[in-house]
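Residue strings, one per chain:
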Amino acid sequence: MIICTMMKNTFCFLLVLCLGHGVARSQAPTGLTTDLLEYTDRVFLDGYPANISLAELGSAIERYQIPEIRNFNPMFGWMLDDSKPDLRQRAYRILVASTTEALDADTPDMWDSKWTDSDNSVAVQYAGKPLLPSTVYYWKVDVKDNYGIVSGYSDTRSFLTAAKFDGGQARYPVQLGDEHPAVVERRSKSLTCADFGRASFARLKLTLSSDKGGDTVVVRMSEKISGGRPDMNPGGSIRHAEYRLALMRGTHTYSIKIRPDKRNTHLKGNASMVDPILMPPYIGELTPFRCCEIDNYAGSLSAKDIVRLTASYFFDEGASRFTSSDTVLNRVWDLCKYSIKATSFAGTYIDGDRERIPYEREALISQLGQYCVDREYSIARHSHEYLIFNPTWPSEWLPQSLWMAWNDYMYTGNSRSLQMYYDDLRAKSLIGLRDDNELVSTRTGKKTPEFAASVHFKGTLDNLHDIVDWPHSGILGLGKNEGGETDGFAFTDYNAVVNAYHYKSLVTMSQIADVLGKKTESEEYARLADRTKQAFNLLMFDPAKGCYKDGVDTDHCSLHANMFALAFGLTPEKNIRTVIEFIKSRQMACSISGALILLEALYKYHEADYAYRLLASADERSWYNTLRIGATISIEAWDNKYKPNLDWNQSAGSAPAYLIPRRLMGIEPIEPGFRKIRIKPQPSTLSRAEIKTPCIRGDIFVSFENDPGKSFSLKTNIPANSSAEIWLPKLPGKYRLTVDDVPQKGTVRGNFVVVNAGSGEHTFLIMNYKL
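Residues numbered from 1 in each chain as written. Predicted model: local features only at pLDDT ≥ 70, side-chain atom pairs only at ≥ 80, totals over all residues. Heavy atoms only, no water.

Colleague: Pulling in residues and values, what's your account of the overall build of the protein?
Modeller: Along the protein, the regular secondary structure elements total 18 helices and 33 strands. Across its three principal directions, the C-alpha atoms of the protein cover 95 × 85 × 60 Å. Sorting the 771 residues of the protein into buried and exposed places 60% on the buried side. For the protein, long-range pairs separated by at least 24 residues make up 70% of all intrachain contacts whose partners lie at least 6 apart in sequence. Only carbon and sulfur atoms are counted for the fraction: they give 50% of the accessible area of the protein, which is about 30,500 Å². Of the side chains in the protein, 90 bear a positive and 92 a negative charge, and the two mean positions are spaced by 3 Å. (Helix = DSSP H or I, 4+ residues; strand = E, 2+ residues; numbered from the N terminus. Buried < 20%, exposed > 50% of the residue type's maximum accessible area, 1.4 Å probe, protein only. Contact = heavy atoms within 4.5 Å. Areas by Shrake-Rupley, 256 points an atom, 1.4 Å probe, with all protein chains shown as cover. Lys, Arg positive; Asp, Glu negative; His and termini not counted. Charge placed at Lys NZ, Arg CZ, Asp CG, Glu CD.)

Colleague: Break down the nonpolar core for me, with residues and values.
Modeller: One finds Trp78, Ile94, Leu598 and Trp623 to be the most contacted residues of the largest nonpolar core, which totals 164 residues. Among the elements that make up this core, the one with the highest residue count is helix α11 (residues 496–515) (nine residues). For Leu598, the contacting residues outside a window of four places in its chain are Leu559, Met563, Ile583, Gln587, Met588, Cys590 and Leu614. Grouped together as the second largest cluster of nonpolar side chains are 31 residues, Ile277, Met279, Ile283 and Leu398 included. (Core = buried A, V, L, I, M, F, W, Y, C linked by side-chain atoms within 4.5 Å.)

Colleague: I'd like a rundown of the sheet that holds strand β5 (residues 75–79), residues and numbers included.
Modeller: Strand order in the open sheet made by the three strands is β1-β5-β9, with antiparallel pairing throughout. The open sheet has two edge strands, β1 (30–34) and β9 (124–125), and neither has a second partner. Where β1 meets β5, three bridges bridge the pair, whose relative direction is antiparallel. Note that in β5 the partner of Thr30 across the bridge is Met79. (Pairing = 2+ DSSP bridges.)

Colleague: Could you give an account of the layout of surface pockets, naming the residues involved and the relevant values?
Modeller: By volume, the largest pocket amounts to about 960 Å³. Along the walls of the largest pocket sit 29 residues, with Lys504, Glu600, Lys604, Arg663 and Glu668 positioned nearest its centre. Looking at the lining of the largest pocket, the elements that each hand over two or more residues are α7 (400–412), α11, α15 (595–604), α18 (656–664) and β25 (667–669). When grouped by side-chain class, the residues that make up the lining of the largest pocket number 14 nonpolar, seven polar and eight charged. Volume-wise, the second largest pocket comes out at about 480 Å³. The wall of the second largest pocket is formed by 23 residues, among which Arg70, Arg171, Tyr172, Pro173 and Tyr282 lie closest to the centre. Broken down by class, the residue content of the lining of the second largest pocket amounts to 14 nonpolar, four polar and five charged. (1 Å grid on protein atoms, 1.4 Å probe; cavity = no way out; pocket = protein on both sides within 12 Å on 5 of 7 lines; lining within 4 Å. Points joined across faces, edges and corners; volume = space filled by probe spheres on them. Nonpolar A, V, L, I, M, F, W, Y, C, P; charged D, E, K, R; others polar.)

Colleague: Explain empty space enclosed by the protein to me, using residue names and the numbers behind them.
Modeller: All told, the structure shown has five cavities of 30 Å³ or more when counted by the stated rule. Counted as a void, the largest cavity has a volume near 130 Å³. Residue assignment for the lining of the largest cavity shows that the elements contributing at least two residues are α5 (360–373), α7, α13 (559–567) and α15. Counted by class, the lining of the largest cavity contains ten nonpolar, four polar and two charged residues.

Colleague: Outline the packing of α13 against α15, supporting the account with residue identities and numerical values.
Modeller: Each pair of packed helices gets described by two things: the angle between the helix axes and the distance between those axes. Between α13 and α15, whose axes approach to 8 Å, the crossing angle comes to 50 degrees. With respect to α15, the axis of α13 lies oblique. At the point where α13 passes α15, the crossing takes the left-handed sense. Judged by residue contacts, Leu559, Met563, Phe564, Leu566 and Ala567 of α13 engage Ile597, Leu598, Glu600, Ala601 and Lys604 from α15. Considered class by class, the residues forming the contact of α13 with α15 number eight nonpolar, no polar and two charged. (Axes fitted to C-alpha atoms, helices over the stretch in contact; angles between N-to-C directions. Parallel < 35°, antiparallel > 145°, perpendicular 65-115°, else oblique. Left-handed = near helix turned anticlockwise from the far one by under 90°.)

Colleague: Pulling in residues and values, what's your account of the packing of aromatic side chains?
Modeller: Throughout the structure, instances matching the rule amount to 28 aromatic pairs. Ring centres of Tyr137 and Phe159 lie 5.9 Å apart, and the angle between their planes is 35 degrees; on these two criteria the pair is classed as tilted. Highlighted residues: Tyr137 in strand β10 (residues 136–145) and Phe159 in strand β11 (residues 157–161), separated in sequence by 22 residues. The pair formed by Tyr137 and Phe159 is uniform in burial state, with each residue classed as buried. For the pair Phe196 and Phe289, a centre-to-centre distance of 6.1 Å together with 85 degrees between the ring planes defines the contact as edge-to-face. Of this pair, Phe196 sits in strand β14 (residues 191–210) while Phe289 sits in strand β20 (residues 287–295), placing them 93 residues apart in sequence. Accessibility expressed as a relative area gives 8% for Phe196, which makes it buried. Taken together, the aromatic side chains of Phe76, Trp111, Tyr126, Tyr137, Trp139 and Phe159 make up a single cluster linked through ring pairs. The ring centre of Tyr243 lies 4.1 Å from the NZ or CZ of Arg259, which sits over that ring. (Phe/Tyr/Trp six-rings, centres within 6.5 Å; stacked < 30°, edge-to-face > 60°. Lys NZ or Arg CZ within 6 Å of the ring centre and 35° of its normal.)

Colleague: Report on the side chain of Arg434, specifying residues and quantitative values.
Modeller: As for its position among the elements, Arg434 is in the loop between α9 (422–428) and α10 (449–454). At 2.8 Å, the side chain of Arg434 forms a polar contact with the side chain of His502. A distance of 2.7 Å separates a polar atom in the side chain of Arg434 from a polar atom in the side chain of Thr532. (Polar contact = N/O pair within 3.5 Å; in protein donor to acceptor, adjacent residues only side chain to side chain.)

Right under this line is the structure:
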């Protein structure tokens, strides 16, 4: 009896231990995605969330805006419980049904994947019965992990299929949110001013009263504030407008109908013959503004009477954060993160309000920033795929489609887009412009109607040419005759920048072909890339100057020829130092968008001190200057004076949203879908920083404390079903390294010490022995 009692008590103790401390079960998967959309079951009415489920819509479905799945075999993904260290998925089971009853009973009528041995949790392709168009389906997933634990099924997620399966990327509808001003100030008996603190693309709604009716109120709005009031003469393309409202008797709410701008709503009136992106009817026309004033109105107004209806793509404000010991850097981060949200108002990445046209340059910068600030991948993929068929006129912009395609794959782990657009991507590598000297040119007869058709260019052939950087006019110049942002670039038949892009594109095509199992084509692209690299260095490198010329038939050397060559891996080891020194000598002699490449080159070759100085600079040609001149969304140029018609609402100036997480903090995927992560901080003299940044598998947390030359401590939290490669700055002389308080040796790679880590929380400390 004593033995039996002891056994019974032991069993009870173990049962309590298992249930109470999570040993016997994991949390169920969360963050379920269908074709990269997490919230497929959200329903919107006129841009606002509607309190109704997909199952309840019935015949009223046409009234609502709903994400629609456009693939007949969608991709499923999910996140795993991250409470256990070094957790890996070993198998999954997906159930898909046409009714909730069938799914709840675990008797799916569409697909039961059965238990499938795989660690894939980001892109599992549907393989059940054919899905019907315009139909709601329900699914859930169960997983087994490397602890031998079965998680139990996730919550149910529903999705609606589109009326037609065209293979396009599913998207959220553009959404509206009501915002009230941060400050409301009555400036006189008849004038009230309201400041929302920062600009957004929006409409304005006012609640006003009139005793008799017939009064005319004047409403003014502007992106720029001056003396607490809207600046109605701001210059450039900075938006401002005035409207007159005739009041009715009594109290009413008035919605200002924004006048459309002919340029950004007129179809195909540009060099690329590409349409601007028009706002959906349920949103209506918008304008960017920060502040407004209500004139000739004697009534009293509070914040609740003034509503800004702000449009944006879906955005999770809490998905990311960054703070550091550098207040300038913190403000630059906040500016650029917000800019990613604010400039998404059209549901497709565009160049700004002046044109509202998707350009590859802005789309690339938006894509890179979006990945770092939100776990949202659909607007980036849609914008990339839109540009496949709607390219713009700069020849260097075309290959950026390959950069975006590869980014999409590395960040999502989903190769569907690579497969679908493989032939188009090949054409956009500029292989059709390739000459006998292994270089490309838009001047030597290769630019034919056939080439234009292969890249889907709709404009005239004369409009398709090299750009290097933008703008080409302005007052910039380190020399007297160097106007614009090209650092005096000397255009020739064979230009360095477009050929650097061609080389990068061939390397990327080799990688894409390899992923898709096209081994022979992968090897051929690699051979072409090698030949272009040899020709580039033979014909464009000036050994006497130790840097690259702008082209084959010129002696001029610009920042651009050198920063692109260095960033894209064209520079042989023996020439890297002199090229870097030349780059430094040119300072920030490129555009605010071109600076992405400059910082990429510097961080790639561990020039962290100079890169940090540029990133956190408060000079006129700095990201901080955007704030100093009064803009609250990233802008098109370093300052108003560098581009007379600049937009105050362009993602072109938002590169730090990417550069801070990926280069300064050093967080990036080294296997598709963040299956393996590299964390390689390059802090320079920054003493403290911490970041939360999302990835498709979950959140990544990194923080460090840095005492240069003495000690460096790093804390990380890696999402489940991932692993990480940690690069710590190597200290001079002898040092001591601990990982989770356990001494380690690590592997020395140049100026770094590298260790590996599984998922979960880890602490790394490297310090000088003298301490």
